[in-house]
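Here's the letter readout for the chains.
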Amino acid sequence: MRDSTRAAPFADPVPVQGESLERGSSLWRDAWLRLQKNRIALFGLWTFMLIAILCLGGPFFTSYSYESTEISLKASAPTERIVLRTEFRKVGEPRESYLALSSLEDEFLERSPAERRAIKERVQNGNEFREGNAAYRLSNQRHVFGTDPLGRDLLTRVLIGGRISLAVGFAATLVSIAIGVVWGAAAGFAGGKVDTVMMRFADILYALPFTVIVILLMVMFGRNFVLLFVAIGAVEWLNMSRIVRGQIIALKNQEFIEAAISLGLPAYRIMFRHLIPNVMGSIIIYTTLTVPNVMLLEAVLSFLGLGVQPPLSSWGVLIDEGSRTMETSPWLLFFPAVFFTLTLFSLNFLGDGLRDALDPKSSKD
Amino acid sequence: MALLEIEDLRTYFYTRAGIVRAVDGVSLSLSHGETMGIVGESGSGKSVTCYSILGLIPRPPGKIVSGVARFDGIDLLSCSDRQLRAIRGKRISMIFQDPMTSLNPYMRISDQLVEPLLVHEGMSRSGALIRAVESLEELGIQDASTRINLYPHQFSGGMRQRIMIAMALISRPEILIADEPTSALDVTVQAQILELIKQRQRELGTAVIFITHDLGVVASFCQYVTVMYAGRIVESAPTGELFARPMHPYSASLQQSIPALHQKGQPLYTIPGMPPDLTLDIEGCPFAPRCGHATAICREQRVALKEITSGHGTACIRFQRGELANTPLASTAAAL
C-alpha cells in the first residue's frame, strides 16, 4: 500500500510500522504510542501500577492481618527489634505462652535506668534473659513499618487501606466522569432550554450540603461500602459536567462541528465522535484532580463515621490517625502519607502526559 | 424542471437589538448541473440563505419566517430533522470558508472522510476507505493512501480545502454549496481550488451554488449570478449579461469597485455610504440611500424582482419602468 520509494512530503505523526489502510486508527492507540515517549508520564504510570499491585497482592505476603491487635506491641517504631516474652508454668515445662513486646521499658519500670539498659542490651545482643518464670529473648518477628497504637501491623494496614482508597478513588471518579461528561456534553450541545433545565438541576444538587446527601443515602440504604462510591460520585460529577459543558459550548460553534452537521451526521455521532474527543484533554486533567479529591472526601466521611469502618482502613483514615500521634510516633503519619502522595504525584504526571498524548498536534516530530 | 427552487425565503434573527432581517424574501432556482454565483457584500444574506435551506441556522435566535425550498418534491424548510439529515451531506453538501477550522483536529482525515459514507450509505469501513482514497486522488492529492492517515494539522490550507471538497463530494451530491471556499486561501491556490471544483463538477454533474464576494471568481466560474443586497435579491442574470448590461445600480457599482490594473494612479472606487441597518424594516429599495439614480419613487414601496429580458431580472423600479434603459449605470454612479 505504501510506496516507500517516493519521498513522502509529510512525516507520519508516529512511527507506525506496517500500518495498513484497513486498520482502525483510534485516538487511543495513537495516544499510547505518544505516551511511550514521555518519560515522566511513563514513570507516573509505572509507579502507579507498582503501588496498585502492592496494594492488591501485598497483604497476602506480610504475614500479619490488618485487624489482629497485639496490645503489648502498641506503637512500635519501624524495624524496632521485638522482644518475645516466654512464660513458663513451671520451669522446664513445655506449655508456654508468648507475648511480644516492642521494648522492655514497660516490663522493668521498677528498676533503675542503668539496669534497664543493661537488660535491654543483653537481649538485643541475642542472649536470653531470665527472670522468675519468664524468659526474654529477641523475636524474629519484624514490623517493617512499625505498628499502630493498637499493635496492628502498619504495612498491612497501609496496603489494605490502599485497596480501599484506590477503589473508592477510581470507582467514584469513573462514576462522576460517566455522569458528568454525558450530562455536560448533552446540555452544552442541546443548548437553549434543555441546557438551562439540566444545569439548574445540577445547581440544585450543588447547593445541597454534601454530608446531608450522604447521611440521607446512608439512612435510606443502610451503611454500605458501595454507597460510598455512589455518594462521592454523585457529588463530584457536578464539577465535571460544568467543565465539559463550557468546553462543548465553546466548541460547538466551530466550523468543523458545523461541517459535521452539514454532512448530515446524527447528533449522537457528533457528540461522541467529534465533540467529546476534543474535550478529552480537559476531562483527563480534571480526572487526575478528582481522584485525590475523592480520596480526601472518603477520609472526611470516614472521620465522620460515615465511610470506612474500623478495623478496615483507608489512606485517608490512616493519615488522619497518624496526624494525631505525630509527635510521639511520626511513622504512623509518614508511611500512609508517602503512599498517598506518591499515588497522587504519579497520577498527575500520568494525567499531564495523557493530555499531551491525546492531542494529535502535540507530537514533536 | 428546476432542481432546487426557493420561494420567498425570509430568515430573521431575533436579537436584543431588534429583528434582523438577514434574508428578506429571496427567491431563486437552480437547474441540474448549473453553477450559480451569489454575490454581495458581507451581511447581505448570501450565507444565511444557504444555511437556511440546510437547516443550519441556529434556532433561536434565528427563525425561518416564511418560504418554501423545493428540492426533489421535498420542502427543505418544513421537512423533519430526520429527512433533512438524510439530505445533508448526501444530496446537498457544503464547503466552508476556512479550511483551517472546518476539519476536526482530533480525527484523522480517513475517519472524517468516511463518515458520510458510513452514515448515509451504510458502507463497510474498508469499502468506505477505498472510496475515500479515490476521492482524494481525484482531487490531486498524491500518495493519498498514506496521507489519508494523517491529521488535519499536517496539511496546508490548500490541501485541507481539497480534503473538504473531497468530503463534500464523496457521496456524489446533486448540489454543492460552496460558501466562499477560496477566501481564506492565497491567490495561486485559489485558482487551483476553483479549477478542481469545476473539474469535479463536470465529472459528477453536480449543481453548484457559489457564494462569494469576488466578482472575478464569478466571472470565470459561474453561468448564472444572483446579486444580493440587504437580504434581498437585487439582480439575477446570466454571467455575461450581468457584466455587459447590469440592470441595477448596485451591481454596476460592484463591478466598478473591482480594482483594475490599467487604472494606475486613480483612487479605487468605493460605493458611498453604508449598508442599511437590517433591524429596520426598509420600505423601498434598500440601496436607494446610496444610489445615484434614486428618486422619490424608489423609497416608496418594495419592488419585486422582475424579468426584463429572458433570464435577466432586476429589482430596480426605475429600470423596470424603462427610465434607465439607456443610461450607462456605472459611470453615473461614479459621478456621485
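For the structure itself, look to the data block above.
Let me sum up the structure you'll find in this document. (Residues numbered from 1 in each chain as written. Chains lettered and ligands numbered in written order. Predicted model: local features only at pLDDT ≥ 70, side-chain atom pairs only at ≥ 80, totals over all residues.)

Here the focus is the sheet that holds strand β10 (residues 232–238) of chain B. Residue and element names in this part refer to chain B. Reading across the sheet, the eight strands line up as β6-β7-β8-β3-β9-β10-β12-β11 and stay open at both edges, with mixed pairing between neighbours. Bordering the open sheet on either side are β6 (92–95) and β11 (306–309), each of which pairs with just one other strand. Along the sheet, successive strands turn relative to each other by an average axial angle of 25°, direction set aside. As paired elements, strand β3 (residues 35–39) and strand β8 (residues 207–212) share five bridges and run parallel to each other. Residue pairing in the sheet places Gly-37 in a bridge with Phe-210 of β8. (Pairing = 2+ DSSP bridges. Helix = DSSP H or I, 4+ residues; strand = E, 2+ residues; numbered from the N terminus. Axes fitted to C-alpha atoms, helices over the stretch in contact; angles between N-to-C directions.)

A few words now on the environment of Ile-160 of chain A. Residues and elements named next belong to chain A. Within the element layout of this structure, Ile-160 appears in helix α4 (residues 154–190). Among the residues examined, Ile-160 registers 23 C-beta atoms within 10 Å and is labelled buried. When the C-alpha positions of Ile-160 and Val-244 are compared, they lie 34 Å apart, and in sequence the two are 84 residues distant. Apart from residues lying up to four places away in sequence, Ile-160 is in contact with Pro-59, Tyr-66 and Ser-313. (Buried ≥ 20, exposed ≤ 12 C-beta atoms within 10 Å, placed from the backbone. Contact = placed C-beta atoms within 7 Å.)

Interfaces are frequently sized by the accessible area removed from exposure as the parts join. Residue-level contacts link 37 residues of chain B with 30 residues of chain A. Going through the elements one at a time, α2 (81–87), β6, α3 (109–120), α4 (125–138) and α5 (144–147) of chain B are the ones with two or more residues in the side of chain B that touches chain A. In terms of residue count, the dominant contributor to the side of chain B that touches chain A is α3 of chain B (six residues). Residues that form the side of chain B that touches chain A fall into these classes: 15 nonpolar, 13 polar and nine charged. (Nonpolar A, V, L, I, M, F, W, Y, C, P; charged D, E, K, R; others polar.)

A word on the packing of α4 of chain A against helix α5 (residues 192–207) of chain A. All names here are of chain A. Direction vectors running N to C along α4 and α5 enclose 145°, while the axes themselves pass 7 Å from each other. Residue-level contacts link Trp-183, Ala-186, Ala-187, Gly-188 and Ala-190 of α4 to Gly-192, Val-194, Asp-195, Met-198 and Met-199 of α5. Classifying every residue of the contact of α4 with α5 gives seven nonpolar, two polar and one charged.

Geometry only, nothing functional implied.
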